[in-house]
Amino acid sequence: MTSNGPEKSHATLRYTSLRVSIFLGCLLVALLLGHFGVIPVSGEAGMIFLFLLAAIASAPLSYALLSRQRDEMSTQISSKVSGMRSRTADRIAAQNAEEDAADDAARSATAGQN
């Protein structure tokens, strides 16, 4: 496991799977309500309506229920991005140092010939 611990190593996967589970639960409830006639459903348009209803119902539920998982995912992503930024900055600094050393060597070689 990583240094973040086992519970934070797959925060994005955990958040996504929980979000999908909440949507599927809402879809199941909507389909059951449609099946038993609580919500009038007719044809393809009715099925699309049930999917939209499940999406609309699952959004605030996910927002309220998954705040901790969303924060963990955000922390994981931001730490990876900051690590990539620092590695990129280090690589650029090393390339600049190489270019400066080559430029200094070329100038001293030119000054030594004059």
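Heads up: these notes are all about the structure in this document. Keep in mind the model is a prediction, meaning the values are calculated, not measured.

**As for helix 1 (residues 11-35)**
Working step 1: Between the first and last C-alpha of helix 1 there are 36 Å, a value that for 25 residues agrees with the 36 Å anticipated at 1.5 Å per step.
Working step 2: Listing the buried residues of helix 1 in full gives Ala 11, Tyr 15, Ile 22, Cys 26, Leu 27, Ala 30 and Gly 34.
Working step 3: Among the structural elements, helix 2 (43-65) and helix 3 (67-113) are those in contact with the buried residues of helix 1.
Working step 4: Of the residues trailing helix 1, Gly 37 is marked for its positive phi of about 80°.

**Some remarks on the environment of Ala 111**
Working step 1: Note that Ala 111 resides in helix 3.
Working step 2: Take Ala 111: its relative accessible area is 54%, and that puts it in the exposed class.
Working step 3: Sequence-wise, Ala 111 and Ala 59 are 52 residues apart; in three dimensions their C-alpha atoms are separated by 70 Å.

**Here's the deal with the nonpolar core**
Working step 1: In terms of nonpolar packing, the biggest core is built from eight residues, these being Ala 11, Tyr 15, Ile 22, Cys 26, Leu 27, Ala 54, Leu 66 and Met 73.
Working step 2: With sequence-adjacent residues up to four places away left out, Ala 11 is seen in contact with Glu 72, Met 73 and Gln 76.

**Some details on the environment of Leu 13**
Working step 1: Mapped onto the secondary structure, Leu 13 falls in helix 1.
Working step 2: The spacing of Leu 13 and Gln 69 is 56 residues in sequence and 9.9 Å in space, taken between C-alpha atoms.

**Side note on the side chain of Ser 58**
Working step 1: With respect to the element layout, Ser 58 can be found in helix 2.
Working step 2: Of the residues examined, Ser 58 reaches a relative accessible area of 4% and is grouped as buried.
Working step 3: Apart from residues no more than four positions distant in its own chain, Ser 58 is found in contact with Ile 22, Phe 23 and Cys 26.

**Thoughts on a negative patch on the surface**
Working step 1: Taken together, Glu 98, Glu 99, Asp 100 and Asp 104 make up a surface patch of like negative charges.
Working step 2: Relative to the elements of secondary structure, Asp 104 occurs in helix 3.
Working step 3: Residue Asp 104 is classed as partly exposed on the basis of its relative accessible area, which comes to 48%.

**Overview of the pattern of salt bridges**
Working step 1: Counted according to the given criterion, the structure contains three salt bridges.
Working step 2: Across the pair Arg 14 and Glu 72 runs a salt bridge whose closest N-O atoms are separated by 3.9 Å. Of this pair, Arg 14 sits in helix 1 while Glu 72 sits in helix 3; the two residues are 58 residues apart in sequence, bridging distant segments of the chain.
Working step 3: The exposure class assigned to Glu 72 is buried, which follows from its relative accessible area of 16%.
Working step 4: Note that Glu 72 and Arg 68 form a salt bridge whose closest N and O atoms lie 3.7 Å from each other. Here the residue Glu 72 and the residue Arg 68 both occupy positions in helix 3, the gap between them amounting to four residues, near one helical turn.
Working step 5: Relative accessible area serves as the criterion here: at 56%, Arg 68 is assigned to the exposed category.
Working step 6: Sharing partners across several salt bridges, the network here consists of Arg 14, Arg 68 and Glu 72.

Definitions and limits used
- Residues numbered from 1 in each chain as written.
- Predicted model: local features only at pLDDT ≥ 70, side-chain atom pairs only at ≥ 80, totals over all residues.
- Heavy atoms only, no water.
- Helix = DSSP H or I, 4+ residues; strand = E, 2+ residues; numbered from the N terminus.
- Expected span 1.5 Å × (residues − 1).
- Buried < 20%, exposed > 50% of the residue type's maximum accessible area, 1.4 Å probe, protein only.
- Contact = heavy atoms within 4.5 Å.
- Core = buried A, V, L, I, M, F, W, Y, C linked by side-chain atoms within 4.5 Å.
- Patch = residues over 30% accessible without salt bridge, like charges linked within 9 Å, V, L, I, M, F, W, Y side chains within 5 Å.
- Areas by Shrake-Rupley, 256 points an atom, 1.4 Å probe, with all protein chains shown as cover.
- Salt bridge = Lys/Arg side-chain N within 4 Å of Asp/Glu carboxyl O.
- Lys, Arg positive; Asp, Glu negative; His and termini not counted.
- Charge placed at Lys NZ, Arg CZ, Asp CG, Glu CD.

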